[in-house]
Amino acid sequence: MRNFEEVVKFARERGPKTISVACCHDKEVLMAVEMARKEKIANAILIGDIEKTREIASSINIDLDNYELIDIKDLSEASLKAVELVSQGKSDMVMKGLVDTSIILKAVLNKEVGLRTGNVLSHVAVFDVEGYDRLFFITDAAMNLAPDVNVKKQIIENACTVAHSLDIDTPKVAALCAKEKVNPKMQDTIDAKELEEMCERGEIKGCIVGGPFALDNAVSLEAANHKGINHPVAGKADILLAPDIEAGNILYKSLVFFSKSKNAGVIVGAKAPIILTSRADNEETKLNSIALGVLMAAKA
Ligand SMILES: CCCC(=O)SCCNC(=O)CCNC(=O)[C@H](O)C(C)(C)COP(=O)(O)OP(=O)(O)OC[C@H]1O[C@@H](n2cnc3c(N)ncnc32)[C@H](O)[C@@H]1OP(=O)(O)O
C-alpha cells in the first residue's frame, strides 16, 4: 500500500472492529470514530466524561445512541477500563482520546488488565509526505525514552510488522543519527552500526538495516550520492529509526506542522493495537490511525 486511501479501503473490507476509546471527550476523536462507524471500519465504546462528550457530540451533530457509553471521569481509570475491555475480548483495540500518552501507556502496561506480551511495545507512525512515492515509518516518537541497542532492535522489528502489513515485504531501515559516520563519542552512531551488523548476521530479519544515516542521506538519493554513500538503504529508507523519543517526536511533529503530509500512529508489540496520535492531530489522522489499527488487528 502506498497511501492512506488504500489503507482505509483495506480497513473497510476487514471491518467493522470494535475500539474502546479512552477519554472520549474530544471533538476530533468523536469526528474520527463517527467517520469510522459510517465507513463500517469500526464501532466504538466511548469511555470518559460522558456529560462533556454529549455537549461536544451535539455541537457537531453526532448521535451518541449509536455508541455504548461508559461514564468514567478519572483519566487513569477511564484508560484502564478501555484496556480492560480489550483484555476481556469485548473490544479489538484501544484508542487514545484526550489523555496524556503516559497515562494510557501505563494502563496498557498494567500487570492485571494490561496488554503486555513480554515483547517491547513501541510506537510506529506512518507518513504519506507530499513529493515522495512511498510511505515513511517513523519510530519511536511516543513510547520508549532512550532505547539501548537491544530495544532499538525490537523497535525495528515492531516497525517491520507494520510495514509488512502494508505489503512492504523488505523495508529499508535507516538508523538515524546526526551524521553518517561512527563517532565513538556518539553512542547512537555506534548503536546504528551495530544494528546494521546485526541485520547482516541475520539477527534482524525481514528488512535491510543501514546506519548511521543522517536524515538527508536516508531519504534523498541525491543527498546520499552527493556524499558518496553506497548502501542499499541510502536515499531509499522506508523506516526511520529515531535514536530516542526526543528526536522521534520532533521529527513526527515537524512533518505534521511543516509539511504537507498525512499520517497515522499506532503502538505495536502488545496483545492488540493501540491507536495513538497526538492530541493536536486532526480527525483525518485519527481516522487513518483507526484504519491502520484495524489492519494490524486483522493481520494479527
Ligand atoms: C507521537 C504523538 C503522540 C505524542 O506526542 S506522545 C508524547 C511523548 N510520550 C510520552 O510522554 C510517553 C513516554 N513514555 C513514558 O512516559 C513511559 O516510558 C511509560 C511508557 C509510560 C512507562 O512508564 P513507567 O511505568 O514509569 O515505566 P517503567 O520504566 O518504570 O516501566 C514499568 C514497567 O513497564 C515495562 N515497560 C516500560 N516500557 C515498556 C515498553 N516499551 N515495552 C514493554 N514493556 C515496557 C517495564 O519493563 C516495567 O516492567 P516491570 O514492572 O519491571 O515488569
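Quick caveat, the model's predicted, so the values are computed rather than measured.

### Digging into the site of the ligand
By nearness alone, 22 residues border the ligand, and Lys111, Leu121, Ala142, Asn144 and Lys253 come closest of all. Residue Ala142 places a main-chain N or O atom 2.9 Å away from a nitrogen atom belonging to the ligand. Protein contact buries 62% of the 1100 Å² of open area that the ligand shows by itself. Only helix H5 (101–108) and helix H10 (245–258) provide two or more residues apiece to the shell around the ligand.

### Let's talk about the packing of helix H6 (residues 149–165) against helix H11 (residues 283–299)
Running from amino to carboxyl end, H6 crosses H11 at an angle of 95°, the nearest separation of the two axes being 10 Å. Between H6 and H11, the angle falls in the class roughly perpendicular. Of H11, the residues touching H6 (which contributes Thr161, Val162 and Ser165) are Leu292, Leu295, Met296 and Lys299. Looking at side-chain class alone, the contact of H6 with H11 contains four nonpolar, two polar and one charged residues.

### Here's the deal with H6
For H6, spanning 17 residues, the distance from its first C-alpha to its last is 25 Å, which sits close to the expected 24 Å at 1.5 Å a residue. Two or three places before Asn150, at the start of H6, stands the capping residue Asp148, its side-chain oxygen 3.1 Å from that residue's backbone nitrogen. With its phi angle positive at about 65°, Asp167 sits one or two positions after the end of H6.

### Focus on the packing of H6 against helix H7 (residues 187–200)
Closest axis-to-axis distance for the H6/H7 pair is 10 Å, and the angle between their directions is 55°. Of the possible angle classes, the one that applies to H6 and H7 is oblique. In the packing of H6 onto H7, the handedness of the crossing is right-handed. Taking contact as the criterion, the partners of Val149, Asn150, Lys152, Lys153 and Ile156 in H6 are, on H7, Asp188, Asp191, Glu194, Leu195 and Met198. The residue makeup of the contact of H6 with H7, split by class, is four nonpolar, one polar and five charged.

### Considerations on the environment of Leu195
Looking at the secondary structure, you find Leu195 in helix H7. A relative accessible area of 1% means that Leu195 is categorised as buried. The spacing of Leu195 and Leu69 is 126 residues in sequence and 46 Å in space, taken between C-alpha atoms. When residues no more than four places from it in sequence are discounted, the contact partners of Leu195 are Val149, Lys152, Lys153, Ile156, Ala175, Ile204, Val209 and Leu241.

### Let's talk about the nonpolar core
The biggest cluster of nonpolar side chains holds 64 residues, and the ones touching the most others in it are Val21, Leu46, Phe137, Ile156, Leu166, Leu195 and Ile290. If one sorts the elements of this core by residue count, H11 sits on top with eight residues. Split by domain, this core shows at least three residues from each of two domains, domain 1 (2–115 + 269–297) and domain 2 (121–256). If near-sequence neighbours (up to four positions away) are discounted, Leu166 is found in contact with Met1, Val7, Val126, Leu135, Phe137, Leu292 and Leu295. Counting residues in each nonpolar core, the second largest holds 26 residues, with Ile47, Leu85, Val99 and Leu121 among its members.

### Brief notes about helix H3 (residues 50–59)
When we look at burial in H3, the residues that qualify are Ile50, Thr53, Ile56 and Ala57. One side of H3 holds all its buried residues, which, seen down the axis, span an arc of 120°. Set apart from the buried face of H3 by more than 90 degrees, the exposed residues are Glu51, Glu55, Ser58 and Ser59. In this structure, the buried side of H3 is in contact with helix H2 (27–38), strand E2 (42–48) and strand E3 (68–71). Among the residues of H3, the N-terminal cap falls to Asp49, whose side-chain oxygen and the backbone nitrogen of Glu51 are separated by 3.2 Å. Among the residues trailing H3, Asn61 stands out with phi positive, at a value near 55°.

### With respect to the domain arrangement of the protein
When the domains of the protein are assigned, the result is domain 1 (2–115 + 269–297) and domain 2 (121–256). The distance between the C-alpha centroids of domain 1 and domain 2 comes to 28 Å. Across the contact, 17 residues belong to domain 1 and 16 residues belong to domain 2. By the criterion of area lost to domain 2, the three top residues of domain 1 are Arg2, Phe4 and Met296, representing 32% of everything that side buries. Elements supplying a minimum of two residues to the side of domain 1 that touches domain 2: helix H1 (4–14), H5 and H11. Taken together, the residues that form the side of domain 1 that touches domain 2 break down as 10 nonpolar, five polar and two charged.

Cut-offs applied
- Residues numbered from 1 in each chain as written.
- Predicted model: local features only at pLDDT ≥ 70, side-chain atom pairs only at ≥ 80, totals over all residues.
- Heavy atoms only, no water.
- Near = heavy atom within 4 Å.
- Polar contact = N/O pair within 3.5 Å; in protein donor to acceptor, adjacent residues only side chain to side chain.
- Areas by Shrake-Rupley, 256 points an atom, 1.4 Å probe, with all protein chains shown as cover.
- Helix = DSSP H or I, 4+ residues; strand = E, 2+ residues; numbered from the N terminus.
- Axes fitted to C-alpha atoms, helices over the stretch in contact; angles between N-to-C directions.
- Parallel < 35°, antiparallel > 145°, perpendicular 65-115°, else oblique.
- Contact = heavy atoms within 4.5 Å.
- Nonpolar A, V, L, I, M, F, W, Y, C, P; charged D, E, K, R; others polar.
- Expected span 1.5 Å × (residues − 1).
- Left-handed = near helix turned anticlockwise from the far one by under 90°.
- Buried < 20%, exposed > 50% of the residue type's maximum accessible area, 1.4 Å probe, protein only.
- Core = buried A, V, L, I, M, F, W, Y, C linked by side-chain atoms within 4.5 Å.
- Domains from an automatic or database assignment.
- Arc of directions from axis to C-beta.
- Buried area = accessible area lost by both parts, 1.4 Å probe.

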